[in-house]
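If you want the building blocks of each chain, they are given just below.
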Amino acid sequence: MSVLDEIEEIESGLREQRCPDEVVSAAEEVTEFFPDRSDALEYVSAYREAYRGEDVDDPVGFAESWYESFDGDMSGITDQFLYED
């Protein structure tokens, strides 16, 4: 393992520690759709922030639907939650 790989692993662990348990749990469920765990954490955090205060809470179902609709291309899924109208 290179030094860069070790640094990225440490950064990923720190990101995970800063996230609430429910975000980490949901990210574990969607990791299969993303290239790495940090992308899954970022997606779930953005999803929860976008739908905060609403009755919608299905980041796993949304990710699965996106994955199927776009033939496995997850690019753009997180970005859509980061932009406001």
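The present account deals with the structure reproduced in this document. Residue positions are given per chain, counting from 1 as you read along its sequence in written order. Totals for whole chains, interfaces and linings use every residue, but because this is a predicted model, local features are given only for residues with pLDDT of at least 70 and side-chain atom pairs only at 80 or more, for both listing and counting. The side-chain quantities take in all heavy atoms of the structure and omit both hydrogens and water.

### Details of a negative patch on the surface
- To count toward a patch, a residue needs a relative accessible area over 30% and no salt bridge; like charges are then connected within 9 Å, while nonpolar side chains (Val, Leu, Ile, Met, Phe, Trp, Tyr) are connected within 5 Å. Values of accessible area rely on a 1.4 Å probe in the Shrake-Rupley scheme; residue burial ignores everything except the protein chains shown. We count a salt bridge whenever a side-chain nitrogen from Lys or Arg sits within 4 Å of a carboxyl oxygen from Asp or Glu. In this tally Asp and Glu are treated as negative and Lys and Arg as positive; neither His nor the chain ends contributes. Lys charges are placed at NZ, Arg charges at CZ, Asp charges at CG and Glu charges at CD. Taken together, the side chains of Asp5, Glu6, Glu8, Glu9 and Asp36 present a region of like negative charge at the surface.
- Note on conventions: DSSP H or I runs of at least 4 residues are helices, E runs of at least 2 residues are strands, and numbering of each starts at the N terminus. Within the secondary structure, glutamate 8 sits in helix 1 (residues 3-18).
- Relative accessibility under 20% of the residue-type maximum defines a buried residue, over 50% an exposed one, and the middle range a partly exposed one, all with a 1.4 Å probe and only protein chains included. Given the relative accessible area of 44%, glutamate 8 is considered partly exposed.

### Thoughts on the nonpolar core
- Counting 19 residues, the largest nonpolar core has Val30, Phe34, Tyr43, Val44, Ala63, Met74 and Ile77 as the members making the most contacts within it.
- Listed by contribution, the elements that provide at least two residues to this core are helix 2 (21-30), helix 3 (37-50) and helix 4 (59-69).
- For this core, the element with the highest residue contribution is helix 3, accounting for six residues.
- The residues contacting alanine 63, other than those within four sequence positions of it, are Val30, Phe33, Phe34, Tyr43, Met74 and Ile77. Residues enter a nonpolar core if they are buried and are Ala, Val, Leu, Ile, Met, Phe, Trp, Tyr or Cys, with the set joined through side-chain atoms within 4.5 Å. Note on definitions: a residue-residue contact is assigned when non-hydrogen atoms from the two residues lie within 4.5 Å.

### Focus: the packing of helix 2 against helix 4
- Across the interface, helix 2 lies against helix 4 with an axial gap of 9 Å and an inter-helix angle of 25 degrees. It follows from the interaxial angle that helix 2 and helix 4 lie roughly parallel. Every pair of crossing elements has a handedness; the one defined by helix 2 and helix 4 is right-handed. Contact residues: helix 2 offers Ala26, Glu29 and Val30, while helix 4 offers Pro59, Val60 and Ala63.
- Per-class residue counts for the contact of helix 2 with helix 4 are five nonpolar, no polar and one charged. Every axis corresponds to a line fitted to the C-alpha atoms, with the helix fit spanning only the stretch in contact, and the corresponding angles, defined between N-to-C directions, vary from 0 to 180 degrees. Should an angle lie under 35 degrees it is considered roughly parallel, over 145 roughly antiparallel, and from 65 to 115 roughly perpendicular; all remaining angles are considered oblique. Left-handed describes a crossing whose near helix is turned anticlockwise from the far helix by less than a right angle; the clockwise case is right-handed. Charged residues are taken to be Asp, Glu, Lys and Arg, nonpolar residues to be Ala, Val, Leu, Ile, Met, Phe, Trp, Tyr, Cys and Pro, and polar residues to be all remaining types, Gly included.

### Let's talk about unusual backbone geometry
- With a phi close to 50 degrees, aspartate 71 is a non-glycine residue in the positive phi region.
- Relative accessible area serves as the criterion here: at 76%, aspartate 71 is assigned to the exposed category.

### Examining the packing of aromatic side chains
- When the centres of two rings from Phe, Tyr and Trp lie within 6.5 Å, Trp using its six-membered ring, the rings pair. Their planes under 30 degrees apart give stacked, over 60 give edge-to-face, and anything left gives tilted. Applying the stated criterion across every chain yields a total of 11 aromatic pairs.
- When the ring of tyrosine 43 is compared with that of tyrosine 47, the centres are 6.1 Å apart and the planes differ by 50 degrees; the resulting orientation is tilted. In this pair, tyrosine 43 and tyrosine 47 are both assigned in helix 3, four residues apart and thus about one turn of the helix distant. The pair tyrosine 43 / tyrosine 47 is uniform in exposure class, with both members buried.
- Every member of this aromatic cluster is reached through a ring pair, and the members are Phe34, Tyr43, Tyr47, Tyr51, Phe62, Trp66, Phe70 and Phe81.

### Section: helix 3
- Compared with the 20 Å implied by 1.5 Å per residue over 14 residues, the 20 Å span of helix 3 between its first and last C-alpha is a close match.
- The set of residues buried in helix 3 consists of Ser38, Ala40, Leu41, Tyr43, Val44, Ala46 and Tyr47. An expected span of 1.5 Å times one less than the residue number is assigned to each helix.

Just distances and angles here, no functional claims.
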